[in-house]
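What follows is each chain in one-letter form.
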Amino acid sequence: MATGRDVAQLAGTSTAVVSYVFNNGPRNVSPATRERVLAAAAELNYRPNALARALSFGRTSTIGLIVPDIANPYFGELARALEDAAMERGELLLIGDSSLDPERERRHIAAFVERRVDSVVMVSLLDEPDFAAFEQASIPVIALHPIADEAPAASLTIDYELAARAAAAHLVAHDFDSIGLLNGPAHSVGAGQHRRGFLAAMAEAGRELRHDERNSGTSRADASAVSLRWLAEPDRPRAITCATDEQAYGVLHAAYLLGLRVPQDLAVIGFDGTEHSEYAVPPLTTVRQPIRAIAARAIELVAEAAAEPADGADFTRVRELAGHELIVRASCGCAEA
């Protein structure tokens, strides 16, 4: 295996110059010398030692990602977008899947701290995530969901309350006599925002409108099981807005099993706007999150924070909101199949 000394000898320069070329500093290298070093490295098939670089510069060029369930298409799309954005910056993304288990989430936190990742992007299972370990290790972390103002982390998210309100208001505009909210677990991240947005739309309806809320896990199976019981009740809702697309697919499944037509007997709206939503039967009306824009901005923020650790206090005050879009398809009744 070729070494930096071998590259220096072939390029006719010092090992220090080889280091400056591959680490982009700390000293400048003339364009001609840089070309000689790169040509020598290519000829020798030289690859810098990542561990040695980490020890020398105190950075591992790694970003940790913690998500609740990588099997969920939303988190799969998010992970892909984050990895693309990280790769563009020469960073390696390490993925920790919590598998809907809070204890496993805590173990991923401990593992990332132990491995000294430069920064972390996190979607927690918990309404109040534990950022203490990251704070003690001076590892910048950004949450892609709402967090408390005093939390020692940055956040980048859409306005869940406003988005949930828009989805429910769309159903109100259809003049349905009863509307339901299929929310996530009561104490999960975002459940409170979804509830407040839904209730705000009901309050603004300008007429008496029967409404109800049920909770389920975020998997299709959990949502289908809850919906089967709910839709079999005599006063079942005429329309349901969901906290995730996955739950909406569960509602569609339950409606099919009960012989209910969508949207003729039951209107459904999802939330997240994954690629899968367009290919549901019928195509799913949903609130789309700008996944790629969120991913690019999240990587930009944590990479800058890791490069400038002295600005850590300013980073933890970052609370950014991204936009959302209501994508109207057939499942709500706007364009019956």
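Structure: above.
These figures come from a predicted structure and were not determined experimentally. (Residues numbered from 1 in each chain as written. Predicted model: local features only at pLDDT ≥ 70, side-chain atom pairs only at ≥ 80, totals over all residues. Heavy atoms only, no water.)

Describing the pattern of salt bridges
It is possible for side chains bearing opposite charge to pair when their charged atoms get close. Formally: Any Lys or Arg side-chain nitrogen found within 4 Å of a carboxyl oxygen on Asp or Glu counts as a salt bridge. The way it works is that DSSP assigns letters per residue, a run of H or I at least four long becomes a helix, a run of E at least two long becomes a strand, and they are numbered from the N terminus. For every residue, the accessible area obtained with a 1.4 Å probe (protein chains only) is divided by the maximum for its type, and the residue is called buried under 20%, exposed over 50%, and partly exposed between those limits.
Per the counting criterion, the structure on display carries 13 salt bridges. With a shortest N-O distance of 2.9 Å, E213 and R195 are connected by a salt bridge. Of this pair, E213 sits in strand β7 (residues 210-215) while R195 sits in helix α9 (residues 191-203), and the two are 18 residues apart along the sequence. Under the relative-accessibility criterion, R195 is labelled partly exposed at 25%. A salt bridge links E233 to R214, with the shortest nitrogen-to-oxygen separation between them at 3.1 Å. With E233 in the loop between α10 (220-231) and β8 (239-242) and R214 in strand β7, this residue pair connects regions lying 19 residues apart in the sequence. When its relative accessible area of 26% is taken as the criterion, E233 is described as partly exposed. Among the ionic contacts, a cluster of salt bridges with common partners joins D212, R214 and E233.

Comments concerning the packing of α10 against helix α11 (residues 245-257)
For any two helices packed against each other, one specifies the crossing angle of their axes together with the interaxial distance. Here is the rule we go by: Between N-to-C directions, angles cover 0 to 180 degrees, with each direction set by a line fitted to C-alpha atoms, over the stretch in contact for helices. Every angle not falling under 35 degrees, over 145, or within 65 to 115 is termed oblique; those three ranges are roughly parallel, roughly antiparallel and roughly perpendicular. Should the near helix be turned anticlockwise from the far one by less than a right angle, the crossing is left-handed, and should it be turned clockwise, the crossing is right-handed. In this analysis, two residues are considered to be in contact whenever any of their non-hydrogen atoms come within 4.5 Å of each other. When residues are grouped by polarity, Ala, Val, Leu, Ile, Met, Phe, Trp, Tyr, Cys and Pro land in nonpolar, Asp, Glu, Lys and Arg in charged, and all others, Gly among them, in polar.
Running from N to C, α10 and α11 point in directions that differ by 45°, and their axes come no closer than 7 Å. By the angle class used here, α10 and α11 are oblique. Both α10 and α11 take part in a crossing whose hand is right-handed. Here R220, A223, S224, S227, L228 and L231 of α10 come into contact with α11, specifically with E246, Q247, Y249, G250, V251, H253, A254, A255 and L257. Split into classes, the residues belonging to the contact of α10 with α11 amount to eight nonpolar, five polar and two charged.

Brief notes about the packing of aromatic side chains
This is how the line gets drawn: Aromatic pairs are defined between Phe, Tyr and Trp rings, using the six-membered ring for Trp, whenever the two ring centres lie within 6.5 Å; interplanar angles under 30 degrees are classed as stacked, those over 60 as edge-to-face, and all others as tilted.
Per the stated rule, a full pass over the model turns up two aromatic pairs. Summarising the aromatic geometry, the rings of Y74 and F75 are spaced 5.2 Å apart at their centres and angled 70° between planes, so their arrangement reads as edge-to-face. Each member of the pair, Y74 as well as F75, carries the same accessibility label: buried. Residues Y160 and F271 carry aromatic rings whose centres are separated by 5.9 Å and whose planes lie at 20° to one another, so their mutual orientation is stacked.

What about the nonpolar core?
Cut-off, in case you're wondering: We call a set of buried Ala, Val, Leu, Ile, Met, Phe, Trp, Tyr and Cys residues a nonpolar core when their side-chain atoms join them within 4.5 Å.
Among the nonpolar cores identified, the biggest contains 49 residues, and L82, V121, I142 and I179 are the most heavily contacted of them. The set of elements that each furnish at least two residues to this core consists of β1 (62-67), α5 (73-88), β5 (154-158), α8 (160-172), β6 (178-183), α9, β9 (267-272) and α12 (291-307). With residues near it in sequence (within four places) discarded, I142 still touches V120, V121, M122, A154, S155, L156, A298, L301, V302 and F315. Counting residues in each nonpolar core, the second largest holds 19 residues, with L182, W230, I240 and L260 among its members.

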